[in-house]
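Read off the chains here:
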Amino acid sequence: MKNAFLSVARVFRQEWHLMTHDVGLLVFFIVLPLTYPIVYTLIYNPEVVRDIPVVVVDECRSAASRQLVRQAAATQSFGLYGYASNMAEAKDMWADHDVYAILRIPSDFDRNIKIGEQSHATLYCDMSLLIRYRALMSSMTDLQIALAGDITSERVDMIGGSAAGFGQMPVESKSHFLGDTQQGFASFVIPGIIVLILQQSMLLGAGLLGATAKERRRRGGGVDPLDAGAGPVATVVGKALAYTVCYVPLTIYVLHFIPWMFALPHVGSAADYLPFILPLLLASAFLGQALVAFMKEREYVFLVVVFTSVIFLFLSGLTWPRYAMSPLWHGIGGIIPATWGVEGFIRINSNGATLAENAHPYLMMWALTAVYFVMAVAVRCFSQRRAQGMKAQAEG
Amino acid sequence: MSLLWQSIKRELKRLASSWTALIMMVVVPLGCALFFVSLLSEGLPLKVPTSVVDLDHSAMARQVTRALNSTELVDICQKDESYEAAMEAVRSGKIFGFFVIPENFEKDAIAGNAPTLEYYTNLTYFVPGTLSFKGFKTIAVTTSGSVAKAKLSAVGVPGDMIMPLVQPVAIDSVGIGNPWTNYSYYLTPSFSFGCLGLIIMIFTAYTITIEIKRGTSRQWLATAGGSIDIALMGKLLPQTAVFWAVSLCVEAILFGFQHFPMAGSLGWLVVATLIFVPACQAFATMICCLLPNPRLALSMVSLFGILTFSFAGFSFPVEKMYGAIGIFSYLSPVRYIFLIYINNALNGFDVYYVRYYFVALLLFLYAGMLFTRRLKKSCLNPVYVP
């Protein structure tokens, strides 16, 4: 037992030495987790889309239509770009990217209000980005409700309805947003992305070190001069511990200081999210060592790991919720540590959930840690046997 | 000419003997496109799991619950007896929102005391949060409307006058090009192009700098008669041909088999793709010329390539980003193919309106040729820094 412990300690020390003397690795282990969260937050930090330029085609030209435009322009998303004389001109402005929507007020708009009919206006919205469409839609719905309040009470008065106790809307409604109360984009996306950054940078780094060792071994004819010479289990554990220890300060920086610096939602307790993220780090450290099986040389880490970031982002359910995935993708998402990490960390960080409420993702990550540990040991055993073969060949 | 042919033959031999090349150039880009097509095939993640907290238990409250369940946006998958219970379900991820019907709801509504329906949506997940918000809001507003209708007809207002009273002004919205608000129509083509661009850049940087690492760069130059431009052409043209075939396959999958909307002309999108592939290669070549070292060049294209997915403005508009950040979007070929896609295929604009994006893509080809002399120097004197 004491022997095993010493082997792990030896591997740990050797790996730590390699880590601190490899510039390429320091990019993945230090620069990437330090800068990426900041860059990502800066990209999305404007949070909401306001004052989207809209052009108005007013075919009615009445007091009522001007009133409608004024009230629309007072909403958060609607930015009045100007008037166009007809739809063709408005379409041209849209095609030139001067405006992203066209509000068309038909010629009978005013007349219908006066005779007590329902008036219609149409908003033609550019659909190239959903976030613009969503913002305009929500403003238009609020506008409709506000107009209903104004005009309805006037009309009800006229027909004597208020005498019957009908003055306002009979049922009020109130909306509350949880987690991301300002409906901001950075507040929604960053808590998920930072967890993914932890996993991906760990995979890149662990893969890079493993592939470099493989290269050294090949050059040395089956002998890696810098290998600590421990058994497969001790090697895998020692390396994973070295990476995890290196990640402790980075994890605190990424999970605590990034939301704090940018005033993103951050209501969870560190006593919940720090223990929660531990199995993610361990599972990633083991998975990174297992992935070395696919890497012939250092540079392969770019070919194998980089594009998976996009795939893992989608599988985590951040953009497309997991409940709507087919069983196949739901299952594949389930074997990625970050899927569970993103899910649980968002709830702890943004919704104030506790570790106990996230028992399911937590246990899943421990299960993945066990699975990837076994895989990493298997890969290590296999490559050691191959190295012995190479060595025998070189000697014989 | 024969030097170019010799270089091409050399590269073809290298590509044909490597499984990595086949996987990176064909399997991964096609796999990514198929992944997005398959993952997002529903178009919209409808039926968001939500809950109702019914504190009234009246006939009218049950009617509201039924109305909620009948919308396609939300699925009332559980009922909770209190706000706290529903909140705990949100925190443990069982539901994305809940709708609260207050005590004495029916009584107050009929008596004219204006009870308040409250709804809570968890916006930590944007899409399900937005959809459940929309579903809840619709039901809250229509409930109010139907109570108003019932009351108005009770006081003797004729039927045809009620609707104009409840909703005097209706603003109809028309989503041009994608009236279904299908998410896949945004995400699948843009992320497929994005992945394609990322892989082209990584693979180009890998194949160029690996010559320096292996020390074969002198022989590579010698095959091209000492001209770095011929050597690069010979190396990249075979890859261009493969990536062209792959990108056309991706477009065939999207617009042919999957019937993605194509309001403009497919021809121009194909032309854009044919320029996009060498533009990405040229971008990576430029990086390799400036940083002729495998690790630095690959780190650079990877780090930038991954950020491109955000810079390119697939989901957050570039004009609303900070200026100092948004400017990077113009440095990426992916941004231009994305703009050509949305303007041509979704909005159906004439090619006149996207002319500058074509010019920008062509400029990348020029940029790729700028610093080749630097690359030649390091090829003649290959030093591998790990």
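Residues numbered from 1 in each chain as written. Chains lettered and ligands numbered in written order. Predicted model: local features only at pLDDT ≥ 70, side-chain atom pairs only at ≥ 80, totals over all residues.

Another point: the sheet that holds strand β5 (residues 169–176) of chain B. Read across the open sheet, the 5 strands follow the order β2(A)-β1(A)-β3(A)-β4(A)-β5(B); overall the sheet is mixed. The open sheet has two free edges, formed respectively by β2 (78–83) of chain A together with β5 of chain B, since each of these has just one partner strand. Strand-to-strand twist in this sheet, taken as the mean axis angle between neighbours without regard to direction, amounts to 25 degrees. Here strand β1 (residues 52–58) of chain A pairs with β2(A) via 5 bridges, running parallel. In the strand pairing of β2(A), A:Val56 is matched with A:Tyr83. Across the face of the sheet, helix α6 (residues 130–158) of chain A comes into contact with β1, β2, β3 (101–105) and β4 (119–126) of chain A together with β5 of chain B while running at roughly 170 degrees to β5(B). (Pairing = 2+ DSSP bridges. Helix = DSSP H or I, 4+ residues; strand = E, 2+ residues; numbered from the N terminus. Axes fitted to C-alpha atoms, helices over the stretch in contact; angles between N-to-C directions. Contact = placed C-beta atoms within 7 Å.)

Pairing is mixed in the open sheet, where 5 strands are placed in the order β5(A)-β4(B)-β3(B)-β1(B)-β2(B). Each edge of the open sheet carries a strand with a single partner, namely β5 (172–178) of chain A together with β2 (74–80) of chain B. Adjacent strand axes in the sheet meet at a mean angle of 25 degrees, parallel and antiparallel pairs treated alike.

Moving on, we get to unusual backbone geometry. Despite not being glycine, A:His97 has its phi angle at roughly 65 degrees, a positive value. Phi at B:Asn104 takes a positive value of approximately 60 degrees, unusual for a residue other than glycine. The topology assignment puts B:Asn104 in the loop between β3 (97–101) and α5 (105–111).

All names here are of chain A. Of all 5 residues in β3, 5 are buried; the element is thus mostly enclosed. Burial of β3 is two-sided: the residues Ala101, Leu103 and Ile105 facing one way and the residues Ile102 and Arg104 facing the other way are all buried. Bridge analysis of β3 against β4 gives 4 bridges, and the strand direction is antiparallel. Bridged to Ile102 within β4 is Tyr124. (Buried ≥ 20, exposed ≤ 12 C-beta atoms within 10 Å, placed from the backbone.)

With that settled, consider the pairing of β2(B). Residues and elements named next belong to chain B. Here 6 bridges tie strand β1 (residues 48–54) to β2, and the two strands are oriented parallel to one another. Looking at β2, one finds that Pro49 is bridged to Asp75. With respect to chirality, the unit in which β1 leads through helix α3 (residues 59–70) into the neighbouring parallel β2 is right-handed. (Right-handed = clockwise from strand over helix to strand, strands pointing away.)

Let us now look at the domain arrangement of chain B. Domain boundaries assigned for chain B yield domain 1 (2–41 + 182–380) and domain 2 (48–166). Taken over C-alpha atoms, the centre of domain 1 of chain B sits 50 Å from the centre of domain 2 of chain B. (Domains from an automatic or database assignment.)

As a further point, take the confidence of the model for chain B. Taken as a whole, chain B shows an average pLDDT of 92; of its residues, 100% reach a score of 70 or greater. The ipTM for the predicted assembly is 0.94, set against a pTM of 0.94. (pLDDT = per-residue confidence, 0-100.)

Every α-helix winds through 3.6 residues per turn, so residues three or four apart in the chain are directed the same way. For helix α2 (residues 23–44) of chain A, spanning 22 residues, the distance from its first C-alpha to its last is 30 Å, which sits close to the expected 32 Å at 1.5 Å a residue. The sharpest bend along α2(A) comes to roughly 45 degrees, located at A:Leu32, with the proline A:Pro33 sitting one to four residues further on. Regarding α2(A), the residues found buried are A:Gly24, A:Leu25, A:Phe28, A:Phe29, A:Leu32, A:Pro33, A:Tyr36, A:Pro37, A:Tyr40, A:Thr41, A:Ile43 and A:Tyr44. Contacts from the buried residues of α2(A) go to α1 (2–20), α7 (185–219) and α8 (232–261) of chain A together with α12 (294–311) and α13 (323–326) of chain B. (Expected span 1.5 Å × (residues − 1). Bend = angle between axes of the 7 residues up to and from the residue.)

Moving on, we come to the interface of chain B and chain A. Interface size is often expressed as the accessible area that is lost when the parts come together. Listed as interface residues are 94 residues of chain B and, on the opposing side, 89 residues of chain A. Looking at chain direction, β4(A) and β5(B) are connected through 8 bridges and run parallel. Counted as the bridge partner of A:Ala121 is B:Ile171 from β5(B).

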